[in-house]
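Analysis of the macromolecular model
The lines below spell out each chain.
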Amino acid sequence: MSHVLVQGADLVLCMDDGARELAGCDVRLRDGVVAEIGPGLDAAGAGIVSARGCVVTPGLVNTHHHLYQTLTRAVPGAQDALLFGWLRRLYPIWARFGPEEMRVSALTGLAELALSGCTLTSDHLYLFPNGARLDDTIDAAREIGLRFHPTRGAMSIGESAGGLPPDALVETEAAILDDCLRVIDAFHDPAAGSMCRVGVAPCSPFSVSRELMRDAALLARDKGVRLHTHLAENDEDVAYSLERFGCRPGQYAEDLGWTGEDVWHAHCVKLDNAEISLFARSGTGVAHCPCSNCRLGSGIAPVRAMRDAGVRVGLGVDGSASNDAGNLVAEARQAMLLQRVARGADAMSAREALWIATRGGAQVLGRDDCGQIAPGKRADVAVWGGSGVENAGSWDPAALLLAGPTRVRDLFVEGRQVVRDGQVATLDLPVVLERQQRLARRLAEHA
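Notes on the structure follow. Fair warning: this is a prediction, and the values are worked out from it, not measured in the lab.

In this section: the packing of aromatic side chains. This model, assessed by the stated rule, comprises nine aromatic pairs. Consider the rings of Tyr-68 and Tyr-126, whose centres lie 5.9 Å apart with planes at 85°: the pair is edge-to-face. One end of the pair, Tyr-68, is in the loop between β6 (60-62) and α1 (83-94); the other, Tyr-126, is in the loop between β7 (118-125) and α3 (134-144), and 58 residues separate them in sequence. Tyr-126 carries the same exposure label as Tyr-68, and that label is buried. Plain terms: the ring middles of Tyr-91 and Trp-94 are 5.9 Å apart, the flat faces sit at 80° to each other, and that makes the pair edge-to-face. Here Tyr-91 pairs with Trp-94, and both are found in helix α1, just three residues apart, close to one helical turn. With respect to burial, Tyr-91 and Trp-94 carry one shared label: buried. Its guanidinium or amino end placed over the ring of Phe-128, Arg-152 lies 4.1 Å from that ring's centre, counting from NZ or CZ.

Below is the structure:
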């Protein structure tokens, strides 16, 4: 077998510039890219994956996650808290993590993403207790085979200095910048088709200093990597910015160099019209996290207004301590439904929401080589079964988010099969889950 032929799909949703929807079509994956698309392609030498009765899409793209949090789902005392109270409950638990917790939690979260059709994910890791390093999550992504955009996060202002995190979880700013350089030099690959690109990501304006925000931006641009943080997540966040900095979050970001085509911010639930215009003019991206925003009562992000203004928007599942799931296709459906709740039934179509989950996310992460099925683009492809109870009776298979499965049948990343017949093919998931449960029980016993 020299390549893979995804054969006879009922429908291929390309998400390319022509927004093509191709019926009765094959997709050839060779040497890590989409080599050919069309009906009745020559199958000689190919490994055949039948897609009859299926819908084929680009792999979904997740633009914001905290993979370590899959060990702290549904924690009592955090289930019904707003953002700041939620953080205060969880910080002491996270302080007990180490390298094993980080790696196993990442494997679990990445497997969950893969099963939901995700081929490319970012991750925002901003605490490093007990010897944990960004390397732990990068190793997990390499094992499972997902395309990865980890970001080296940081917290430098602890409780004693007026911040939210306990002092034991913050680092000195010199150490933060030094480790950013280390991980970029060790793991960042800017080439087309890269399986790992590293970003710089101070946690939030309420956990790091102005100086670190500014210095992180300078470092990232010197090294040619992207910038990421949380911004304008809820009313508490905006109030903190007004009280501490004398300006709204968007102005704070602009003043410190945190706008531009190499920047994307998570949440942005409370952006006002001026901030939306700023992001549109500057090319700043947004990771929209609808389920987490609902779970924490943060509000409905103005995604319709952002999209209409020209802001680049992708989706993020956020951490599994605030979602509490990591299912990206379900996230896309939630994004569509929330805009309809806020703006009416015609505010966002199923096709637009799927575009945001694929092409939109790739744009936010600066990956023009991903997020679409077109010759020369990366061979990141999801095959969705069409014979399940979820879509029985559906008249429009392209309306995947209205009537379709929430678990992928087959998934390819760089042309390699990561999910086969609904099961993760690259690792022994039951063994990983047993380790995950054991670690979670140990954390709960000492909470």
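This part takes up the packing of helix α11 (residues 328-343) against helix α12 (residues 350-364). Remark: α11 packs on α12, axes separated minimally by 9 Å, with the N-to-C direction vectors making an angle of 130°. With respect to each other, α11 and α12 are oriented oblique. Classified by chirality, the crossing of α12 by α11 is right-handed. On the side of α11, the interface is formed by Ala-332, Met-336 and Arg-340, while α12 contributes Ala-350, Ala-353 and Ala-357. When grouped by side-chain class, the residues that make up the contact of α11 with α12 number five nonpolar, no polar and one charged.

Tracing the backbone shows Thr-119 in strand β7. The contacts of Thr-119, once residues within four sequence positions are left out, are Gly-59, Leu-60, Leu-146, Arg-147, Asp-380, Val-381, Leu-411, Phe-412 and Val-413.

What follows deals with helix α2 (residues 99-115). Taking 1.5 Å per residue as the helical rise, α2 with its 17 residues ought to reach 24 Å, and the 24 Å between its terminal C-alpha atoms agrees with that figure. Burial analysis of α2 places 14 of its 17 residues in the buried class, which makes it a mostly covered element. Just downstream of α2 lies Gly-117, where phi reads positive at about 95°.

Two numbers describe how α2 lies on helix α13 (residues 429-445): the axes approach to 10 Å, and their chain directions differ by 130°. With respect to their mutual orientation, α2 and α13 come out oblique. Both α2 and α13 take part in a crossing whose hand is left-handed. Across from Glu-100, Glu-101, Arg-103, Val-104, Ser-105, Leu-107, Thr-108, Ala-111 and Leu-115 in α2, the residues of α13 making contact are Leu-429, Val-432, Leu-433, Arg-435, Gln-436, Arg-438, Leu-439 and Arg-442. Taken together, the residues that form the contact of α2 with α13 break down as eight nonpolar, three polar and six charged.

Rules used throughout
Per chain, residue numbering runs from 1 following the sequence as it is written. Only residues with pLDDT of 70 or above have their local features reported here, since the model is predicted, and side-chain atom pairs are shown and tallied only from 80 upward, although totals for entire chains, interfaces and linings are computed over all residues. Hydrogens and water are ignored here; the side-chain numbers use all heavy atoms of the structure. The rule is short: rings of Phe, Tyr and Trp, with Trp giving its six-membered ring, pair when the centres are within 6.5 Å, and they are stacked under 30 degrees, edge-to-face over 60, tilted in between. Going along the chain from the N terminus, every DSSP run of H or I of four or more residues is numbered as a helix, and every run of E of two or more is numbered as a strand. When accessible area is computed with a 1.4 Å probe and restricted to protein chains, residues below 20% of their type maximum are described as buried, those above 50% as exposed, and intermediate ones as partly exposed. Sitting over a ring, as applied to charges here, requires NZ of Lys or CZ of Arg to be within 6 Å of the ring centre and within 35 degrees of the ring normal. Helix axes are fitted only over the stretch in contact, all axes being lines through C-alpha atoms; the angle between N-to-C directions runs from 0 to 180 degrees. Each angle is binned into one of four classes, with values under 35 degrees roughly parallel, values over 145 roughly antiparallel, values of 65 to 115 roughly perpendicular, and all other values oblique. Helix crossings fall into two classes, left-handed where the near helix is turned counterclockwise from the far one by less than a right angle and right-handed where it is turned clockwise. By definition in these notes, contact holds between two residues if any of their heavy atoms fall within 4.5 Å. When residues are sorted by character, Ala, Val, Leu, Ile, Met, Phe, Trp, Tyr, Cys and Pro go into the nonpolar class, Asp, Glu, Lys and Arg into the charged class, and all the rest, Gly among them, into the polar class. Any helix carries an expected span of 1.5 Å times its number of residues minus one.

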